[in-house]
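# Examination of the molecular architecture
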Amino acid sequence: CKVPPYVFFFMCCASYRIHSIFVLRLFNDPVAMAILFLAINLFLEEHWSWGCFFFSLAVSVKMNILLFAPGLLFLLLHRFGLLGCIPKLCICAVLQVILGLPFLLVNPVGYLTRSFDLGRQFQFKWTVNWRFLPEDVFQNRAFHATLLLAHLAGLGLFALHRWHRSKESILALLKDPSERKHPSPPLTVNNILWQGGQQEIVFVLFSSNFLGVCCSRSLHYQFYVWYFHTLPYLLWCTPTAKLAHMPKVLLLGVIELCWNTYPSTVCSSLSLHICHGLVLLQLWYGTAPPPHTPPPSRRPAAISKKAQ
């Protein structure tokens, strides 16, 4: 509803890298993303338990799905409160245990350390987003810690100021929805954020993933599919007054060009970061809450002596 139809034509014609990832290379990234989008459709239909099941199934295929997890946790707390979302989280955990059971029974330590290896090093020659850095900086643990802190800070800012729209503190999400002083705005599929106050499921999930992509330690060519299909929404979910149609199309084109530059260059990686930064800026300012208008005064209007 928000993205102009010609944008989808552009995606079909210009997505050479995506066609290669899906058809030629047989990476597991497209499989994980397909299951993830199925889970999101279930969330939109209010099938939260089944959505959590398929979300966990997608995580079992590729760990990048965890980039959506902060947004999903926020939505679950918003919808069910702390106690209500625990059963949903248990669905995710139990499925991971069941799928890993054949390996956990044989070599649990090896399975856990290799399946969820968050500290592994990436090869510099394959990076798409950090080519302009020296290789020793790219491999430096301090640089990785800085990116992690930037990721957490971005998630915190978006959760406090863009995802959370209630008058209460964000800690009120821990309460049962029926016990909150100010009922949280209902979750919607496609509400216009800057005109209303309602939460948008797609916006929370896609922006959570995009923040993770922006702060990723390395992006390889097959990782493009992590957020390719979300970019049109992220660009057009804000008013065109913040960023007109043609600059948004230009951003899509430059991002596509960066991902089709092989091997990546200093120029292509810098351009990718600039495009990501512009998308983040228009998400931040384009979804800002409307200015607060003071409530009308309850005092009766002054009545002239003649009227009296």
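All figures in this text were calculated on a predicted structure; none of them were measured in a lab.

## Considering the layout of surface pockets
Using a probe with the size of a water molecule, rolled over the atoms, empty space left in the structure can be pinpointed. Volume-wise, the second largest pocket comes out at about 450 Å³. Phe8, Val202, Phe206, His229 and Tyr233 are, among the 21 residues lining the second largest pocket, the residues nearest its centre. If one sorts the elements of the lining of the second largest pocket by residue count, helix H3 (residues 29-44) sits on top with seven residues. In terms of residue class, the lining of the second largest pocket is built from 17 nonpolar, three polar and one charged. Taken together, domain 1 (28-117) and domain 2 (127-181 + 193-286) each give at least three residues to the lining of the second largest pocket, which thus spans both.

## Focus: the packing of aromatic side chains
One pass over the full model with this rule turns up 21 aromatic pairs. Ring geometry for Tyr221 and Tyr262: centres 5.5 Å apart, planes at 65 degrees, overall edge-to-face. Taken together, the residues span a long stretch of sequence, with Tyr221 in the loop between helix H9 (201-214) and helix H10 (231-236) and Tyr262 in the loop between helix H11 (245-259) and helix H12 (266-286) at a distance of 41 residues. With relative accessibility at 54%, the residue Tyr262 sits in the exposed group. Judged by centre distance (6.0 Å) and plane angle (65 degrees), the rings of Tyr224 and Tyr227 are edge-to-face. The two residues Tyr224 and Tyr227 agree in class, both being buried. Put simply, the rings of Phe210, Tyr224, Tyr227, Phe228 and Trp259 touch in pairs and so form one group of aromatic residues.

## Observations regarding the nonpolar core
The biggest cluster of nonpolar side chains holds 68 residues, and the ones touching the most others in it are Phe43, Phe55, Leu205, Tyr227 and Trp259. It is H9 that contributes the most residues to this core, 10 residues altogether. Within the second largest apolar cluster, seven residues are counted, among which are Trp130, Leu133, Phe138 and Phe143.

## Some words on a nonpolar patch on the surface
A contiguous nonpolar patch, built from Leu82, Leu83, Ile86, Leu171 and Leu174 and spanning about 500 Å² of accessible area, is present on the exposed surface. Inspection of the secondary structure assignment puts Leu174 in the loop between helix H8 (141-163) and strand S1 (187-188). Among the residues examined, Leu174 registers a relative accessible area of 42% and is labelled partly exposed.

## Describing the environment of His245
Examined against the element boundaries, His245 turns out to sit in helix H11. Taking C-alpha positions, His245 is 9.1 Å from Leu235, a pair spaced 10 residues apart along the chain. When near neighbours in sequence (up to four residues on either side) are disregarded, His245 contacts Pro4, Tyr6, Trp236 and Thr240.

## Details of the pattern of salt bridges
Inspection of every chain in the model, using the stated rule, returns three salt bridges. Put simply, Lys2 and Glu200 hold a salt bridge, and the shortest N to O gap is 2.9 Å. In this pair, Lys2 is assigned in the segment before helix H1 (5-14) and Glu200 in strand S2 (residues 199-200), connecting sequence segments 198 residues apart. The same class applies to Lys2 as to Glu200, namely buried.

## Here we look at the packing of helix H5 (residues 69-104) against helix H6 (residues 108-115)
Closest axis-to-axis distance for the H5/H6 pair is 9 Å, and the angle between their directions is 125 degrees. As summarised for this structure, H5 and H6 are arranged oblique, according to the angle between their axes. Of H6, the residues touching H5 (which contributes Gln96, Gly100, Phe103 and Leu104) are Pro108, Tyr111 and Leu112. By residue class, the composition of the contact of H5 with H6 is five nonpolar, two polar and no charged.

## Re the confidence of the model for the chain
When pLDDT is averaged along the chain, the result is 85, and 87% of the positions lie at 70 or above. Scored below 50 in pLDDT, residues 192-198 makes 21 contacts in the model with residues more than four places away or belonging to other chains. Low pLDDT (under 50) marks residues 293-298, which in the prediction has zero contacts with non-local residues, meaning those over four places away or in another chain.

## What about unusual backbone geometry?
Following Tyr262, the chain continues to Pro263 via a peptide bond in cis, the omega torsion being -10 degrees. Of note, Pro263 is situated in the loop between H11 and H12.

## Structural notes on empty space enclosed by the protein
On inspection of all chains with the given rule, the structure shows two cavities of 30 Å³ or more. Looking at the largest cavity, the residues that line it are Phe10, Met11, Ala14, Ser15, Tyr224, Phe228, Leu231, Pro232, Leu252 and Glu256. Those elements giving two or more residues to the lining of the largest cavity turn out to be H1, H10 and H11. With three residues, the top contributor of residues to the lining of the largest cavity is H1.

## Quick notes on the state of the cysteines
By the definition in use, this model includes zero disulfides. Between Cys90, a free cysteine, and Cys92, which holds the nearest cysteine sulfur, the sulfur-to-sulfur gap is 9.1 Å. Residue Cys267 stays outside any disulfide, its sulfur separated by 7.5 Å from that of Cys258, the closest cysteine. The exposed category is assigned to Cys267, whose relative accessible area is 56%.

The rules behind these values
Residues numbered from 1 in each chain as written. Predicted model: local features only at pLDDT ≥ 70, side-chain atom pairs only at ≥ 80, totals over all residues. Heavy atoms only, no water. 1 Å grid on protein atoms, 1.4 Å probe; cavity = no way out; pocket = protein on both sides within 12 Å on 5 of 7 lines; lining within 4 Å. Points joined across faces, edges and corners; volume = space filled by probe spheres on them. Helix = DSSP H or I, 4+ residues; strand = E, 2+ residues; numbered from the N terminus. Nonpolar A, V, L, I, M, F, W, Y, C, P; charged D, E, K, R; others polar. Domains from an automatic or database assignment. Phe/Tyr/Trp six-rings, centres within 6.5 Å; stacked < 30°, edge-to-face > 60°. Buried < 20%, exposed > 50% of the residue type's maximum accessible area, 1.4 Å probe, protein only. Core = buried A, V, L, I, M, F, W, Y, C linked by side-chain atoms within 4.5 Å. Patch = residues over 30% accessible without salt bridge, like charges linked within 9 Å, V, L, I, M, F, W, Y side chains within 5 Å. Areas by Shrake-Rupley, 256 points an atom, 1.4 Å probe, with all protein chains shown as cover. Salt bridge = Lys/Arg side-chain N within 4 Å of Asp/Glu carboxyl O. Contact = heavy atoms within 4.5 Å. Axes fitted to C-alpha atoms, helices over the stretch in contact; angles between N-to-C directions. Parallel < 35°, antiparallel > 145°, perpendicular 65-115°, else oblique. pLDDT = per-residue confidence, 0-100. Disulfide = S-S within 2.5 Å.

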